[in-house]
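If you want the building blocks of each chain, they are given just below.
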Amino acid sequence: MTINKMTAAQVARKVIEKQPLFILDVRNTDAYEDWKIEGQNFEYLNIPYFELLDGVDEILPKLPSNQDVLVVCAKEGSSKMIAEMLSDAGRDVFYLEGGMKSWSSYLEPIKVGDLTGGGELYQFVRLGKGCLSYMVISEGEAAVIDAVRFTDIFTNFAKEKNAEIKYVFDTHLHADHISGGRHIAEATGATYYLPPKDADEVVFEYMPLEDDVTVKVGASQIEVGALYSPGHTIGSTSFIVDSKYLLTGDILFIDSIGRPDLAGLAEDWVGDLRETLYHRYRELAEDLIVLPAHFMIIQELNEDGTVAKRLGDLFAQNHGLNIESEEEFRHTVTDNLPPQPNAYQQIRQVNMGKVTPDQDEQIEMEIGPNRCAVR
Amino acid sequence: MQIKADQQLDCKGLACPMPIVKTKKAMNEVEDGQILEVQATDKGSIADLKAWSESVGHQYLGTIQEDGVLLHYIRKSSHDTGEEKTFEKTITNDEVIDRVSKGGIILDVREEAEYAFGHIEGSKSIPMGELENRLDELNKDQEIYVICRTGTRSDLAARKLSDKGFTKVYNVLPGMASWQGKISRING
């Protein structure tokens, strides 16, 4: 029997198209329970590879023969070994090329929609980590918002689209993933914007991103306008693109809202968070399409793989926007918060430019789910 | 600090799954109760060796880092919990700190590596296997509270001390495996 490799891109198609897949995850149980490949029609079996060293016979009956079986581990080596053992036992299976490490770094660019005058808006979905980045493209120019650290993906994508990256934004100082914003700006000569209230400690040059800052992309002047919206961090800023899309950063998600504690000031910022969600956003047009910087669960993906929803629908459906009492709101966003993301304090230091970890250390820091929300 | 091991295994530069595959093989050559030092550079080996050890019943002691190399210490399971303990004078974990504050010493007879990764502050380390040759380090006029992981090795040690003319000897039960108090350990 054969063993085949499956790439992260192929797994991403299965997630987006809601295809079935049987995942044999051979990592440690702790690692698996913390974080795995999520798919709506995926089935799972978790047995650490080291429990299969003497043979795979005991798990053969548990593996389906009528659908693809994908063996997954952290970096590939163990999944390949187990896939070979399964192959010797007469089963056709796949292993995940590059393991969870490559899954965590894979980005699927998906077009969200057209903009005035032939422009386009793309969402880069990082399925393995739940991060969402954006690129506005219009007539040879591009703006990038909340880029993750795989800068080549963005610069190459812009190149393919014959666009020059002119502006790079971070809606806030991220705590769950390492930003690629500053490095994209350095590589392309673009201007890098960061909210000054989040940037007290940063050690590099940036343009202050403040309320009402607007930039125009391309000849048709697609407008990207900033809206100060504190609460997840004190500097958190949203964007309105082409009067049509509302990029909310980590303030408002599809099925949850931002948590105020990752910079250590939950009690102080809960009032800001409420003001943003219950007043500032309320004044906006309900037909704006909300595009957040994260998704939490795979069910938040639309049919085409994008994560996007009408603001009016969120006002009606998102629990975090429907807590009437301020007291209860305060309680919801400051008590019983989910565990904080892996290495979030170190990640903040990296995004401030204070430490420069190598590639492996960056991967290590970003392991696991993003956990930026409260539901 | 150098931690003593009975055998060493070089897994430097090897990626997962090889550190575990090789450790599993090497463990077959290690005698019950002995310590294997696994030298590895793959960071994933920390969590995996720990989980693997637990799954097969070996005792994962801990890991230290030296010049970018991870040194893992695993003690082969010795199934030493079932044997009968016969030394009559015993005291409990809870009593020992109070007793030793009035005089005497706590003698830890586990392997050096076990001691390194967690022991009672101020306790003296003489592994069971070395006890016979190191009796001159002990004082017959002092109370000696002997402790190990589960009470079996300390039972043996207490009997040996008693045979050699030590009279103020006590076995501390149930032992370090259920020690609730403060511990000192090597920096990991």
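These numbers were taken from a predicted model, which means no experiment stands behind them. (Residues numbered from 1 in each chain as written. Chains lettered and ligands numbered in written order. Predicted model: local features only at pLDDT ≥ 70, side-chain atom pairs only at ≥ 80, totals over all residues.)

Turning our attention to the overall build of chain A. From N to C terminus, chain A includes eleven helices and 20 strands. Taken over C-alpha atoms, the radius of gyration comes to 21 Å for chain A, in line with the 21 Å a tight globule of 375 residues would show. Its C-alpha atoms give chain A principal-axis dimensions of roughly 65 × 50 × 40 Å. Relative to its full complement of 375 residues, chain A shows a buried share of 50%. Taking all contacts inside chain A whose residues are at least 6 apart in sequence as the whole, residues at least 24 apart take part in 63%. (Helix = DSSP H or I, 4+ residues; strand = E, 2+ residues; numbered from the N terminus. Rg over C-alpha atoms; globule rule 2.2 N^0.38 Å. Buried ≥ 20, exposed ≤ 12 C-beta atoms within 10 Å, placed from the backbone. Contact = placed C-beta atoms within 7 Å.)

Residues in a regular strand point their side chains to alternate faces of the sheet. Residue and element names in this part refer to chain A. Of all the five residues making up strand 2 (residues 21–25), five are buried; the element is thus mostly covered by neighbouring parts of the structure. Burial of strand 2 is two-sided: the residues L21, I23 and D25 facing one way and the residues F22 and L24 facing the other way are all buried. Judged from the five bridges that link them, strand 2 and strand 3 (residues 42–46) form a sheet pairing that is parallel. Residue pairing across strands places D25 opposite N46, the latter belonging to strand 3. Following the backbone out of strand 2, through helix 2 (residues 29–34) and into the adjacent parallel strand 3, one traces a crossover that is right-handed. (Pairing = 2+ DSSP bridges. Right-handed = clockwise from strand over helix to strand, strands pointing away.)

Another point: the sheet that holds strand 11 (residues 191–194) of chain A. Residues and elements named next belong to chain A. Taken together, seven strands build an open sheet; the order of strands is 6-7-8-9-10-11-12 and the sheet is mixed. Each end of this open sheet is capped by a strand with a single partner; those strands are strand 6 (108–115) and strand 12 (207–208). Here strand 9 (residues 141–145) pairs with strand 10 (residues 164–169) via five bridges, running parallel. Within the sheet, the bridge partner assigned to I145 lies in strand 10 and is F169. Relative to strand 10, helix 6 (residues 181–188) is tilted by about 150°, and along the sheet it contacts strand 9, strand 10 and strand 11. (Axes fitted to C-alpha atoms, helices over the stretch in contact; angles between N-to-C directions.)

Taken together, the 13 residues of chain B in the interface contact 14 residues of chain A. Put simply, the parts of the chain that give the side of chain B that touches chain A at least two residues each are helix 1 (18–29) and helix 2 (45–56) of chain B. With five residues, the top contributor of residues to the side of chain B that touches chain A is helix 2 of chain B. Here the side of chain B that touches chain A is composed, by residue class, of eight nonpolar, two polar and three charged. (Nonpolar A, V, L, I, M, F, W, Y, C, P; charged D, E, K, R; others polar.)

Residue and element names in this part refer to chain A. Buried residues of helix 1 (residues 8–16): A8, V11, A12, V15 and I16, and no others. Projected down its long axis, helix 1 shows its buried positions confined to an angular sector of 135°, all on one face. Summarising the contacts, the buried residues of helix 1 are in contact with strand 1 (3–6), strand 5 (93–96), helix 4 (99–105) and strand 6. Once helix 1 finishes, K18 follows within two positions and takes phi at roughly 55°, a positive value. (Arc of directions from axis to C-beta.)

Bridge count for strand 1 (residues 7–11) of chain B against strand 2 (residues 35–40) of chain B is five bridges, and the pairing is parallel. Opposite C11 of chain B, over in strand 2 of chain B, you have A40 of chain B as the bridge partner.

Residues and elements named next belong to chain A. Domain annotation of chain A identifies domain 1 (3–103) and domain 2 (107–374). Spacing between the C-alpha centres of domain 1 and domain 2 amounts to 32 Å. Sorting the residues of the side of domain 1 that touches domain 2 by element identifies helix 1 and helix 4 as the ones contributing at least two each. Per-element accounting of the side of domain 1 that touches domain 2 gives the leading share, three residues, to helix 1. (Domains from an automatic or database assignment.)

So, on to helix 5 (residues 151–160) of chain A. All names here are of chain A. Turning to helix 5, its buried residues number three or more, namely T151, I153, F154, T155 and A158. Those residues of helix 5 that are buried lie in contact with strand 7 (119–126), strand 8 (131–138), strand 9, strand 10 and helix 6. With its phi angle positive at about 55°, N162 sits one or two positions after the end of helix 5.

Residue and element names in this part refer to chain B. According to the domain assignment, chain B contains domain 1 (7–75) and domain 2 (90–178). Averaged C-alpha coordinates put domain 1 and domain 2 at centres separated by 28 Å. Opposite the five residues of domain 1 that make contact, domain 2 presents four residues. Mapped onto the side of domain 1 that touches domain 2, the elements with two or more residues apiece are strand 3 (59–66) and strand 4 (69–75). Here the side of domain 1 that touches domain 2 is built from residues that sort into three nonpolar, one polar and one charged.

Let us look at the environment of G99 of chain A. Residue and element names in this part refer to chain A. Among the secondary structure elements, G99 is positioned in helix 4. Sequence separation between G99 and V72 is 27 residues; the distance between their C-alpha atoms is 5.9 Å. Every residue in contact with G99, bar those within four places of it in the chain, is listed here: V72, C73, A74, K75, E76 and S79.

Below, the discussion takes up the packing of helix 5 of chain A against helix 6 of chain A. Residue and element names in this part refer to chain A. At a closest axis distance of 9 Å, the pairing of helix 5 and helix 6 adopts a crossing angle of 45°. Looking at the two axes, helix 5 sits oblique to helix 6. With respect to the hand of their crossing, helix 5 and helix 6 are arranged in right-handed fashion. Residues T151, F154 and T155 of helix 5 pack against H183, I184, A187 and T188 of helix 6. (Parallel < 35°, antiparallel > 145°, perpendicular 65-115°, else oblique. Left-handed = near helix turned anticlockwise from the far one by under 90°.)

Let us now look at the nonpolar core. Membership of the largest hydrophobic core comes to 128 residues, with the highest contact counts inside it found for V71, I82, V136, A142, A143, V144 and V168 of chain A. No other element matches strand 8 of chain A, which puts six residues into this core. With sequence-adjacent residues up to four places away left out, A143 of chain A is seen in contact with V136, K166, Y167, F169, V215, V217 and V224 of chain A. Ranked by size, the runner-up nonpolar core spans 21 residues in total, among them F87, Y145, A157 and V172 of chain B. (Core = buried A, V, L, I, M, F, W, Y, C linked by C-beta atoms within 7 Å.)

Residue and element names in this part refer to chain A. Relative orientation of the contacting elements helix 7 (residues 266–280) and helix 9 (residues 326–334) amounts to 125°, with a least axis distance of 10 Å. Classified by the angle their axes make, helix 7 and helix 9 are oblique. In the packing of helix 7 onto helix 9, the handedness of the crossing is right-handed. Listed contacts from helix 9 to A266, E267, V270, L273 and R274 of helix 7 are E326, F329, R330, V333 and T334. By residue class, the composition of the contact of helix 7 with helix 9 is five nonpolar, one polar and four charged.

Below, the discussion takes up the sheet that holds strand 7 (residues 124–125) of chain B. All names here are of chain B. Pairing is parallel in the open sheet, where five strands are placed in the order 5-9-8-6-7. Each end of this open sheet is capped by a strand with a single partner; those strands are strand 5 (90–92) and strand 7. Where helix 3 (residues 93–100) meets the sheet, its contacts fall on strand 5, strand 6 (105–108), strand 8 (144–147) and strand 9 (169–173), and the angle it forms with strand 5 comes to roughly 100°. Strands in contact with helix 5 (residues 152–163) are strand 8 and strand 9; relative to strand 9, the strand with the most contacts, it is inclined by about 175°.

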